[in-house]
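Fold and contact review
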Amino acid sequence: MHTPPPQHTPPQHPAGGPGGSGGGSALLIGGIAFALVFLLIVGATVGYLLLRGPGGGGDPSAGATTSASSSASPRPELTDSATPSSGETTTSAAPVTEERCWDTDRGHTSSNPSSRLRGGGLEFIPPAAYTSRSELTYGAFMADTQTAYGVIEGTWVSLVAVGAVEWQPGVEYPGDEAASIRMVDCIVADGSIWGDTSQRTVENKVTEPVTIAGMPGYRTRAELHFGQHNLETFSATEIVVVVLTTPEGPSFFHSDTAIGVTEHEEATASAYESLTGLSG
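This text gives an overview of the structure that appears in the document. (Residues numbered from 1 in each chain as written. Predicted model: local features only at pLDDT ≥ 70, side-chain atom pairs only at ≥ 80, totals over all residues. Heavy atoms only, no water.)

1. Describing the state of the cysteines
Note the cut-off: Disulfides are defined as cysteine sulfur pairs within 2.5 Å. Strands here mean DSSP runs of E at least two residues long; helices mean DSSP runs of H or I at least four residues long; both are numbered from the N terminus. Each residue gets one of three labels from its accessible area relative to the maximum for its type: buried under 20%, exposed over 50%, partly exposed in between, using a 1.4 Å probe on protein chains only.
Throughout the structure, instances matching the rule amount to one disulfide. Covalently, Cys101 is tied to Cys186 through a disulfide, its sulfur atoms 2.0 Å apart. Its S-S torsion of approximately -90° makes the covalent link between Cys101 and Cys186 left-handed. Placement of the pair is Cys101 in the loop between α3 (76–79) and β1 (117–119) and Cys186 in helix α4 (residues 176–189), with a sequence separation of 85 residues. Judged by its relative accessible area of 35%, Cys101 is partly exposed. We classify Cys186 as buried; its relative accessible area is 7%.

As structure tokens, then:
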């Protein structure tokens, strides 16, 4: 339980003195005035804060609008160059892998003039011994091909052909000399055209500059000998590729002639001697 405090006797003041009824009224009036001033100060402060608002201005709604507008604006670092402009492209060409012996569509697209065979920027007079006509069925970088050929024995033939040199897209053309060498090498390396022969060797391979009907170029000649075969009339063939710079672009003359078959050797020589540019 709580024990009440001891009683004190209040001091006695003379009537009308500072501690009398007149002094109490003055204190009461002073207290009320102080309270009124305090309330006015507090009310003014609260009102000012409410009117100022979160945006720092006198209109709270204006401050809120400014804040929302600022947060909706895009960040400069995201709009400088994040996406390409309409005139730019982000794609790049894939690198081309060069093929040693690039295969082409050898179909004949030129029209043969009277009594001549044409391909690319070249044409020749077909020799009498080569009575058959066709497109080439082998040969790298050879397009628009036209061939005259004669049978040696069985399915073996000697032939002469002309056409356009078509290099692999995306790969720089190496020039007429390198082209003639590469084309001969690819023919030699194509085992599908040499039947049942084996132990094949290349001999007497020569590349030299030539000029035919005013057109410069290079001729590569090589002999391909068959170590193992079942042939009766020959055992080697002469492979020739001539690449010339023509008004229609790089073009070739090609011959594959059985060595030792005189009629075919003379026919190939005749076709080569008749070789010219386009006659019109």
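2. Regarding helix α5 (residues 262–273)
Applied cut-off: A helix is expected to span 1.5 Å for every residue after the first. Our arc is simply the arc of the directions from the helix axis toward the C-beta atoms. Contacts between residues were defined by any pair of non-hydrogen atoms, one from each residue, lying within 4.5 Å.
Compared with an ideal rise of 1.5 Å per residue, which puts twelve residues at 16 Å, α5 spans 17 Å between its outermost C-alpha atoms and is within 8% of the ideal. Buried within α5 we find His264, Ala267, Thr268 and Ala271. The arc that holds every buried residue of α5, seen down its axis, measures 95°, which confines them to one face. Seen from the open side of α5, the exposed residues pointing more than 90 degrees away from its buried face are Glu266 and Glu273. Close packing links the buried residues of α5 with β2 (122–124), β4 (142–153), β5 (156–165) and β9 (249–258).

3. Some details on the sheet that holds strand β10 (residues 276–277)
Stated precisely, the cut-off is as follows: The pairing criterion for strands is at least two bridges between them, as found by DSSP.
In space, the three strands of this open sheet follow the order β1-β2-β10, with antiparallel pairing throughout. Across the chains shown, the open sheet's two edge strands, defined by having one partner strand only, are β1 and β10. Across two bridges, the pairing between β2 and β10 is antiparallel. By the bridge assignment, Leu122 is partnered in β10 with Gly277.

4. Observations concerning the layout of surface pockets
Note the cut-off: A cavity here means a set of points on a 1 Å grid, drawn over the protein atoms and nothing else, where a 1.4 Å probe fits but cannot get out; a pocket is an open set with protein on both sides within 12 Å along at least five of seven lines, and a residue lines either one if it has an atom within 4 Å of a point. Grid points are joined across faces, edges and corners, and a volume is the space filled by probe spheres set on the points. Following the grouping adopted for this structure description, the nonpolar residues are Ala, Val, Leu, Ile, Met, Phe, Trp, Tyr, Cys and Pro, the charged ones are Asp, Glu, Lys and Arg, and the polar ones are all others, Gly among them.
Reported here for the largest pocket is a volume of approximately 350 Å³. Looking at the largest pocket, it is lined by 15 residues, and the ones nearest its centre are Thr137, Tyr138, Thr155, Val157 and Leu159. For the lining of the largest pocket, the elements supplying multiple residues, two or more each, are β4 and β5. The dominant element in the lining of the largest pocket, judged by the number of residues it contributes, is β5, at three residues. Among the residues forming the lining of the largest pocket, the class breakdown is eight nonpolar, five polar and two charged.

5. Looking at the pairing of strand β6 (residues 198–212)
Of the pairings in the sheet, the one linking β6 to strand β7 (residues 215–228) comprises twelve bridges and is antiparallel in character. By the bridge assignment, Val206 is partnered in β7 with Arg221. Hairpin connection of β6 to β7: two residues between the antiparallel strands, including Ala213 at a positive phi of 50°.

6. Topic: the pattern of salt bridges
A pair can form between side chains of opposite charge whenever their charged atoms are brought close. The condition that has to hold: Any carboxyl oxygen of Asp or Glu that lies within 4 Å of a side-chain nitrogen of Lys or Arg is treated as forming a salt bridge with it.
Evaluation of the coordinates by the stated rule reveals nine salt bridges. A salt bridge links Arg116 to Glu123; its shortest N-O distance comes to 2.9 Å. Overall, Glu123 belongs to the buried group, its relative accessible area being 0%. Here the salt bridges share partners, and the residues they tie into one network are Arg100, Asp185 and Lys205.

7. Things to note about the nonpolar core
Cut-off, in case you're wondering: For our purposes a nonpolar core is just a set of buried Ala, Val, Leu, Ile, Met, Phe, Trp, Tyr and Cys residues, chained together by side-chain atoms within 4.5 Å.
Core analysis: the biggest nonpolar cluster contains 31 residues, and Met183 and Phe234 have the highest contact counts within it. Broken down by element, the residue count for this core peaks at six residues, all from α4. Apart from the residues within four sequence positions on either side, Met183 is in contact with Ala140, Phe141, Met142, Val165, Val241, Val243 and Phe252. Listed in part, the 17 residues of the second largest apolar core include Tyr130, Ile212, Val242 and Ala271.

8. A closer look at the sheet that holds β5
The strands that make up a sheet pair up through hydrogen bonds in the backbone, lying either parallel or antiparallel. The condition that has to hold: Axes here mean lines fitted to C-alpha atoms, for a helix over just the part in contact, with angles spanning 0 to 180 degrees between N-to-C directions.
If you walk across this open sheet you meet the seven strands as β3-β4-β5-β9-β8-β7-β6, and the pairing is antiparallel. In this open sheet, the two strands that pair with only one neighbour each are β3 (132–134) and β6. Going across the sheet, the axis of each strand differs from the next one's by a mean of 15°, ignoring polarity. The pairing of β4 with β5 spans nine bridges and is antiparallel. When the sheet's bridge partners are listed, Met142 is paired in β5 with Val165.

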